[in-house]
Amino acid sequence: MKNRNKSNHWGRKLIMTMIFNTAIFVSAQVGGDAVASVKDYSEKLNNVGATKSISAKKTLRLWYNAPAPDTDKGWINSSIPMGNGYMGINVFGGTETERIQITENSLYERDDDRGLRRRGLNNFAEVYMDFGHNNAKNYKRELNLDEGTSFVEYEQDGVTYKREYITSYPDKVMAIRLTASKKEKLSFTLRPTIPFIGEGKTGTVTAKDDLVTLSGVMHHFNIKFEGQFKVIPEGGTWKANTDGTIKVSNANQAVILIAVGTNYQLDSKVFLTEDPAKKLDGFYGPHKKVTNYIKEASAKSFETLLANHQADYKALYNRVNFDLGAIEPSMPTNKIIDAYPSKETSLYLEELAFQYGRYMLICSSRKGTLPPHLQGIWNLYERPPWSSQYLHDTNLQMAYAPVFSTNLSELFACYADYFKVFEARQRVYASQYIKEFNPSELDSNGDNGWSGPFWSNPYNVPGKSPVAGFGTGSWISLLFWDYYDFTQDENLLEKTVYPVLYDQANFVSRFVQEIDGALLAKPSSSPEQKLRNTIGTTFDQQMFYENHHNTMKSAEILGQSGKRLPIFEKQLPLLDPIQIGKSGQIQEFRQEEYFDDIGDPNHRHTSMLLGLYPGQLINDKTPAWLDAAKVSLQKRDHKTNIGWARAERIAMWARVHDGEEAYSYYKELLSENYLHNLFNDHRGDPLFQADANYGATAGVAEMLMQSQDYVIAPLTALPKSWSSGSYTGLLARGNFEVSAQWSQGHADKLEVFSKSGGMLELRYPNVAVARIKTSEGEKVKFQKNGTDQISIQSKAGETYIMTHIPKVVALAAPSNLKFDNNLGNNTIKLSWNGSNDAKSYKVYRAVGNAPDYELLASDVKEAHFMHTASDLKQIDQMTFKITAVGKDGRESATGATGIWLQP
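Residues numbered from 1 in each chain as written. Predicted model: local features only at pLDDT ≥ 70, side-chain atom pairs only at ≥ 80, totals over all residues. Heavy atoms only, no water.

1. As for the overall build of the protein
Phase 1 of the analysis: Looking only at helices and strands, the protein features 18 helices and 38 strands.
Phase 2 of the analysis: Relative to the compact-globule value of 29 Å for 903 residues, the protein shows a C-alpha radius of gyration of 29 Å, a close match.
Phase 3 of the analysis: On the principal axes, the C-alpha backbone points of the protein span a range of 100 × 70 × 50 Å.
Phase 4 of the analysis: Burial statistics for the protein: of 903 residues in total, 63% are counted as buried. (Helix = DSSP H or I, 4+ residues; strand = E, 2+ residues; numbered from the N terminus. Rg over C-alpha atoms; globule rule 2.2 N^0.38 Å. Buried < 20%, exposed > 50% of the residue type's maximum accessible area, 1.4 Å probe, protein only.)

What follows is the structure in structure tokens.
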């Protein structure tokens, strides 16, 4: 190990000590034995008594008693989504005619339109199976999240027909098994079609023997595409027709295999080649690979394909369980959505929606494929919303928001590979921007790092946009830092993560300019706010700060000595990421004074709080900033109806430890944005965007467990409605898997599985007086930090179990802090509404932009205090905070805060 125990001073002892702890971790491979550990958790939880049992067996599923309407609205509201990274599938479940819509993420028409509905990602294929069953009874279609499968089942003329669907990542195919309860009763016509044939897209569909081949060209980028559909019947007869269909008659059962592909490759030349028609020159066509997919899959039985799929799927999905004790409702999912938030269905839908986001990520982000876009891996349209592109000012980041915390870390490799190929273009842009905005810092040899994009797609990453500042690059690199920080894979850090961070810091270090004693972005914009091309927005400054910090921390872990590291160290304290405004808020703009001075106060973006979430800058070690973040969240209010914005605020409210507010946004999302198939209705059109589905899952994970300051904090934002429950397998920074079981709002059992070893820090009320043992029942040595925090030098592969945790009765906080300035003698009188539970009060203050409070007085008996300061006239503003202290010496979790301004 290299430099593991060094402290992170970097010449800025005060702020850095308060904001970040140095992690002490041991390297481990990604993935490891997570599945086994989750199984162990479940077994162990069953062996520990709890005051309320959690529901034992329950299936998380979406099911319906009617097909999805064969319309665009039916696709967005009712179809069942599936996927394996190579293709996105939407199943309608018809009986007279089944419709299966296929998306392939590289099939772009062009990208030079503007507005909501733009040309871009195209619909790959519409596949129909004609059955002629127009008198179906006892109909059911289902997506089973636990199994990763879906089916359609119904009766027609005394025969039960069933279709089972899987989308297999290992075998790169969709497989459909069609069965009938009586022999020789299965007849259908398979009819694949190419949608949106026209000037920009040509193609043909042909059938020969048992195979239909769909192929063509998207002309703008010269994309060659192909889909193959193989029919494998048992019994009966089949015939290939000249119209590109296959008719099956009187079979006992049949299997249909579907594989798709294009000539797209992840290669930097795609982004560096200017002529659209030449971007794919030299790449092999898709015929050979698609043929091989079909050939290899057809050599296996459906049972083998199913087993391969489920082994892959469950190895990811089963790592995390979330159980609120809900009973599985008897009503179909569309009724559950319509009834929410009724008491009978609410908890089940809340469990279901959490795992649905993980399911969607498994479907849409797999190694060797393109990452999820605005609609994930699903698109019906010729002109999809915003081209189905990648927007890097929140939407792409929202797609990966749950990838680490919900224990799916290897799914990020998909984006890491995509980034690696478009980064080459961003390096060209970086040199252009330094030359344009800060030419004295330009490296003439091109060593200027890489700049962040606003949007991209598989073919283009355009230049800067005033819609968002250059902080998008550091926001991207924050994902890469998390890739290491959650997995502790030092090989990954050295080969993949550190180069991204270092070269982003290189660009930032050359881009920022010294203005009024700080190093600021110029130009600078806060994403999608009205004021653009300004200076030093909080969005840019916080993201730059996070990346500089993480770059130096990575260098320290690896023992690196890059030539620009001393520059980053010198620059870090000058990046000035937090400004506290006169409303007590974290400012979005440097020229802002009160919260609603500039821009839309209820804006969907909350970009000034990215240091709170998903960043690490604002945490429990910066309580004054944490309180200011809460002010900003309160003032942002609930007026947005945007799905992803609500999802983001679930996580942000969780980070300030307010479970009720976090839960209120979750309920708004489920009741107002989620459609009958749980797709997120972006803003009520209906308009599907997948970002809120991913983001909601991440937000719930933050309610259940946090680790942004390297202290594992279970159940830190638990709402009253989730008074009992359990979860297993959430991932904390440091590569710790965390599980919990609770009742009456209090933890009965906490478990931490150390995958990499290292220092395990855990915070929970009274945990230091709990019973702490290993999985083998041995007592654990630990250090106490008060009664609510412990430190354990963990061993890789060991599980640490905390039980018999004494319950803490919450202490009511004081409220309504007021100031009287008319006293003279450099004195302020503070008064507040007292707490009936308080034995005394503590008085704190934070001057200006300070991250932490200083204690002014303790053991204050009355609900008022006289504060005298000789330098009062030199202070422009202060934040005061009053907490209550109970008879046992415990402080209230919150306090009365107020901003004092110089009269």
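2. Overview of helix 16 (residues 643-655)
Phase 1 of the analysis: Between the first and last C-alpha of helix 16 there are 19 Å, a value that for 13 residues agrees with the 18 Å anticipated at 1.5 Å per step.
Phase 2 of the analysis: Burial runs high along helix 16: 13 of the 13 residues are buried. (Expected span 1.5 Å × (residues − 1).)

3. What to know about the environment of Glu661
Phase 1 of the analysis: Residue position: Glu661 is located in helix 17 (residues 659-672).
Phase 2 of the analysis: For the pair formed by Glu661 and Glu648, sequence separation is 13 residues and the distance between their alpha carbons is 12 Å.
Phase 3 of the analysis: When near neighbours in sequence (up to four residues on either side) are disregarded, Glu661 contacts His638 and Trp653.
Phase 4 of the analysis: Separated by 2.9 Å, the side chains of Glu661 and His638 make a polar contact. (Contact = heavy atoms within 4.5 Å. Polar contact = N/O pair within 3.5 Å; in protein donor to acceptor, adjacent residues only side chain to side chain.)

4. With respect to the packing of aromatic side chains
Phase 1 of the analysis: Scanning the model with the defined rule gives 54 aromatic pairs in all.
Phase 2 of the analysis: Aromatic side chains Phe404 and Tyr483 sit 6.0 Å apart centroid to centroid with 35° between the ring planes, which places their arrangement in the tilted category. Residue Phe404 is located in the loop between helix 9 (395-399) and helix 10 (413-437), and its partner Tyr483 is located in helix 11 (residues 471-487); the two are separated by 79 residues in the primary sequence.
Phase 3 of the analysis: Take Tyr483: its relative accessible area is 6%, and that puts it in the buried class. (Phe/Tyr/Trp six-rings, centres within 6.5 Å; stacked < 30°, edge-to-face > 60°.)

5. Digging into the environment of Gln375
Phase 1 of the analysis: Here Gln375 lies in the loop between helix 8 (346-364) and strand 18 (390-391).
Phase 2 of the analysis: Its relative accessible area of 2% is what places Gln375 among the buried residues.
Phase 3 of the analysis: In sequence terms Gln375 and Leu610 are 235 residues apart; their C-alpha atoms lie 23 Å from each other.
Phase 4 of the analysis: Residues in contact with Gln375, not counting those within four places in the same chain, are Pro385, Ser388, Phe688, Gln689 and Ala690.
Phase 5 of the analysis: Among the polar contacts listed, one links the side chain of Gln375 to the backbone oxygen of Phe688, at a separation of 3.2 Å.

6. Remarks on the sheet that holds strand 27 (residues 758-763)
Phase 1 of the analysis: In space, the three strands of this open sheet follow the order 27-30-29, with antiparallel pairing throughout. Pairing within the sheet leaves two strands with one partner each, and these edge strands are strand 27 and strand 29 (783-784).
Phase 2 of the analysis: Both strand 27 and strand 30 (residues 789-794) contribute to a ladder of six bridges, which runs antiparallel. In the strand pairing of strand 30, Glu761 is matched with Ser791. (Pairing = 2+ DSSP bridges.)

7. A look at empty space enclosed by the protein
Phase 1 of the analysis: Applying the stated rule across the entire model yields eight cavities of 30 Å³ or more.
Phase 2 of the analysis: In this structure, the largest cavity spans a volume of roughly 300 Å³.
Phase 3 of the analysis: Contributing to the lining of the largest cavity are 23 residues, with Ala401, Asp482, Tyr613, Pro614 and Glu702 lying nearest its centre.
Phase 4 of the analysis: Broken down by secondary-structure element, the contributors of at least two residues to the lining of the largest cavity are helix 9, helix 11, helix 16 and strand 22 (705-706).
Phase 5 of the analysis: In terms of residues, the lining of the largest cavity owes the most to one element, helix 11, which gives five residues.
Phase 6 of the analysis: Residue composition of the lining of the largest cavity, grouped by class: 12 nonpolar, six polar and five charged.
Phase 7 of the analysis: Computed from the structure, the second largest cavity encloses a volume of approximately 80 Å³. (1 Å grid on protein atoms, 1.4 Å probe; cavity = no way out; pocket = protein on both sides within 12 Å on 5 of 7 lines; lining within 4 Å. Points joined across faces, edges and corners; volume = space filled by probe spheres on them. Nonpolar A, V, L, I, M, F, W, Y, C, P; charged D, E, K, R; others polar.)

8. Re unusual backbone geometry
Phase 1 of the analysis: At the junction of Tyr340 and Pro341, the peptide bond is cis and its omega measures out at 5° in the coordinates.
Phase 2 of the analysis: Assignment of secondary structure puts Pro341 in the loop between helix 7 (333-339) and helix 8.
Phase 3 of the analysis: A cis amide bond, omega 5°, links Lys522 with the succeeding residue Pro523.
Phase 4 of the analysis: Along the chain, Pro523 turns up in the loop between strand 21 (518-520) and helix 13 (538-558).
Phase 5 of the analysis: Even without being glycine, Asn222 reaches a positive phi, approximately 55°.
Phase 6 of the analysis: Here Asn222 is to be found in the loop between strand 12 (211-218) and strand 13 (223-234).
Phase 7 of the analysis: If you check the backbone angles, His657 has positive phi at about 65° while not being a glycine.

9. A short note on the pattern of salt bridges
Phase 1 of the analysis: According to the stated counting rule, one finds 46 salt bridges in the structure shown.
Phase 2 of the analysis: The partner of Lys230 in a salt bridge is Asp210, and the shortest N-O contact between them spans 2.8 Å. With Lys230 in strand 13 and Asp210 in the loop between strand 11 (201-208) and strand 12, this pair connects stretches of sequence that are 20 residues apart.
Phase 3 of the analysis: On the basis of relative accessibility, which here comes to 17%, the residue Lys230 falls in the buried class.
Phase 4 of the analysis: The buried category is assigned to Asp210, whose relative accessible area is 19%.
Phase 5 of the analysis: The closest approach of N and O atoms between Arg733 and Asp482, which form a salt bridge, is 2.9 Å. (Salt bridge = Lys/Arg side-chain N within 4 Å of Asp/Glu carboxyl O.)

10. Quick look at the pairing of strand 28 (residues 771-774)
One face of the sheet, then the other: side chains in a regular strand alternate in exactly this way.
Phase 1 of the analysis: Here strand 28 shows a buried face lined by Ile772 and Thr774 and an unburied face lined by Arg771 and Lys773.
Phase 2 of the analysis: The pairing of strand 28 with strand 31 (residues 798-803) spans four bridges and is antiparallel. Residue Thr774 lies in a different strand from strand 31, and its bridge partner there is Tyr800.

11. Section: the side chain of Ser346
Phase 1 of the analysis: One can find Ser346 in helix 8.
Phase 2 of the analysis: In this structure Ser346 comes out as buried when scored by relative accessible area, which is 8%.

12. Section: the side chain of Arg845
Phase 1 of the analysis: Mapping Arg845 onto the fold places it in strand 34 (residues 840-847).
Phase 2 of the analysis: Polar contacts involving the side chain of Arg845 include one to the side chain of His867, which spans 3.4 Å.
Phase 3 of the analysis: With sequence-adjacent residues up to four places away left out, Arg845 is seen in contact with Asp852, Tyr853, Glu854, Leu856, His867, Ala869, Ile875, Met878, Thr879 and Phe880.

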